[in-house]
Amino acid sequence: MPLLLERGSSTRYEAACRKYFAVLFSTKILSTTGGEFRRRWQSSSWYRIERDNGELRTNQESVDYDLQRIILFGSSKSVEHKGSGYLGVFSVCESAIIKKEKMGLSSTITTSCYAVKMCVFDLRRGQQEGQELDKILFFYPPDLSFSSQLSVIGLSEGLITFTRIFSPEAACEVIEAERHSHVFYQAESDIWMVMVVEKNRELEAIWRIEALRSVLKEIHSLFVMFNGSLRTALDAEPSGELLRSNLYTFITDYLCDFFAGKKLQLPSFRDSLRERGTVQALTIGREAAIEVQSLVRALESCAGNTQCQSLVLFHDLLVSTTLSPDDTVNLFTYAVLRMTPRALSSGASSWSNLHKGSSAIQVPPSYTTVPTTSSTASGQLYASRDTSLSSDSSRYLIGRPLQQGKWSKSGDGFLVADTSGADMQCLNSSAVTVFLQQSHERMFLCAHQHKNLTVIVLLPVVSINNVEQGISLVKQQILENASLKILKIEEKLSKGWGGENAYHVSGYRYLLLDGDRSVSRASPPAKVKTLAKESLAAMCKVREEVDLEKSRAKWEDEGHEKDLEVCIRAKNNAWVIARVTRGKELYMVLEKANETLLYASDATEKFSNRYCNGSFSLN
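As a convention, each chain's residues are numbered from 1 in the sequence order in which they are written. Selection of residues for local features in this predicted model requires a pLDDT of at least 70, selection of side-chain atom pairs for listing and counting requires 80 or more, and totals for whole chains, interfaces and linings are taken over all residues. Derived side-chain values reflect all non-hydrogen atoms in the structure, with water molecules and hydrogen atoms excluded from consideration.

Draft legend 1. Here's a closer look at the nonpolar core. The biggest cluster of nonpolar side chains holds 81 residues, and the ones touching the most others in it are Met 118, Met 195, Leu 255, Met 339, Leu 445, Ile 456 and Leu 458. Sort the elements by how many residues they give to this core and helix α5 (residues 209–227) lands first, with nine residues. Nonpolar core, defined: a set of buried Ala, Val, Leu, Ile, Met, Phe, Trp, Tyr and Cys residues in which side-chain atoms within 4.5 Å join the residues together. Throughout this description, buried means an accessible area under 20% of the type-specific maximum (1.4 Å probe, protein chains only), exposed means over 50%, and partly exposed covers the range between. Judged by nonpolar contacts, the second largest core, of 45 residues, contains Ala 288, Leu 299, Phe 414 and Ala 603. Put simply, DSSP marks the helices as runs of H or I at least four residues long and the strands as runs of E at least two long, and each gets a number from the N terminus on.

Draft legend 2. Representation of the sheet that holds strand β24 (residues 575–581). A pair of strands counts as paired when DSSP detects no fewer than two bridges linking them. Strand order in this open sheet of five strands is β22-β21-β25-β24-β23, and the pairing throughout is antiparallel. A single partner strand is all that each edge strand has here, and the edge strands are β22 (519–522) and β23 (564–569). Ignoring which end each strand starts from, the neighbouring axes of this sheet average 5° apart. Taken together, the seven bridges between β24 and strand β25 (residues 584–590) define a ladder with antiparallel strand orientation. Looking across to β25, one finds that Ile 577 is bridged to Met 588. For helices, the fitted line uses only the C-alpha atoms of the stretch in contact; every axis is such a line through C-alpha atoms, and the angle between N-to-C directions lies from 0 to 180 degrees.

Draft legend 3. Here's a closer look at unusual backbone geometry. A cis geometry characterises the amide bond from Tyr 140 onward to Pro 141, with omega recorded as 0°. Take Pro 141: it is sitting in the loop between β8 (136–140) and α4 (146–166). Phi at His 440 takes a positive value of approximately 55°, unusual for a residue other than glycine. For His 440, a relative accessible area of 58% puts it in the exposed group. One non-glycine residue with positive phi stands out, namely Ser 518, at about 55°. Within the fold, Ser 518 resides in the loop between β21 (509–514) and β22. Looking at Ser 518, the relative accessible area reads 16%, which means it is buried.

Draft legend 4. Quick look at helix α9 (residues 325–338). A helix is expected to span 1.5 Å for every residue after the first. Across its 14 residues, α9 extends 20 Å between first and last C-alpha, which sits within 8% of the 20 Å expected from 1.5 Å per residue. Among the 14 residues in α9, twelve count as buried, and that is most of the element. Within α9, burial applies to Asp 327, Thr 328, Val 329, Asn 330, Leu 331, Phe 332, Thr 333, Tyr 334, Ala 335, Val 336, Leu 337 and Arg 338.

As structure tokens, this is what we get:
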């Protein structure tokens, strides 16, 4: 279970409240310094906590608020009060109503008309009075008033500051309030991504926190792959205008896959048997593996003396890679989103298709605005709020790698990118570049596609002087020396391909994860859709509990892998099973199982022995 901080009476609690309760509200209301907060507290002229009736008072003016619990995923040792025998301390308010004429800001801290809010902000920026807007790097929805944006970010900043008292080594990950879930991800040093999701009583509103965090992680990983780190961009251009423009266009294009009409649909309990941030690999025989290895060597020879990297996919499945695990996940994710035959034919990502079918979703017009900012004064910040995306892209030459329809297939089989906004690192070229995490190299991306086989070759930017001529030469070498191998491999893999249901196991709906290799395998989406809502909702709750146990084990004993088994009976009598051992995880739903737990356990053992080499067997 997560660590729940509740109201107590220790000396440390009193000190923390006096110092940080004001901080929680400071960034939204007065934006003054911590010393000023303490002075006002001690002089009894500012906020006080009334323990009995849950009412907050300032200068005899009542402020209604909802007390919520902070959930931390850190070690309990970091907040244990020595000698007191209990854990501390605190409750936070999710929303406060303050008279506009009293505080000079918006009358509400949260706005309920938007079900999802997402922001990226830098804690190092906007610390001076009048420059608070400078800390905002991205905010969705962009048409929300600046005071409301600052309210969301101010609350997030206050919670981050407060939770560090009790867990300085484990960053805050989630705040569960009565009406909202606040999901945090520290992307880089002092740069945070936060998602605020409104709760409701509908079954469809059930989600897994780690699944929401994985969306934030994926956005950051893909952004860094194309643009480099956010901190480096801010150091290079302190005003942050270019970074804001890049973030707005990039995240806009990314979120486009989640829109159903004008509603943003994030991963819910229906996605409990899928795992974002992993690779789905194709199982091939020995003969095919030898031919794939021969193709990889041929691709390396096509680059001449240049050391290249490659990635090979069949449909939306990984066949071969020479990249590191992290770089493989990033490039694989991008290829499935925009480059595979499915993505090219539908104009949308295959993940999006699982939710909405094959139709492409257009971003609402209000979300195509890219703010242009200036750091000189808060009055000039976001001065060009209504500047169109096209004009902003023209000003900054912004590349849009996640734009739907970005790639198209040419007559020679190579994929061609629409470079209406040229790549930031190569303005005179139509080539797309990516940044590798392991080698810290920027690479040109060259892709060839034959039917359902996609071959991606990465060439170091520093090794090619004349970009157009150098890439054209490599393409010619691929056509001459590797095209026949590509043709042969595609034909062989297609003959042995079992179709969309190739990895379906009759009677089972499962998800298999290998965390060490970032690889997953799952039941086909069409088969998962046959499960009852109750089964998927139960699986979502089980996975949430497993996430909490994994997080606790990580901070209590980082070098120790914890074995775990959970088996429950859902309301519809389906068995929901989770087993975690040695870095591997198995999640399974059995709806047509026998009444007994023994039957469900035996079914899991059979699956483990046959498809997992006995990794999850209890013997």
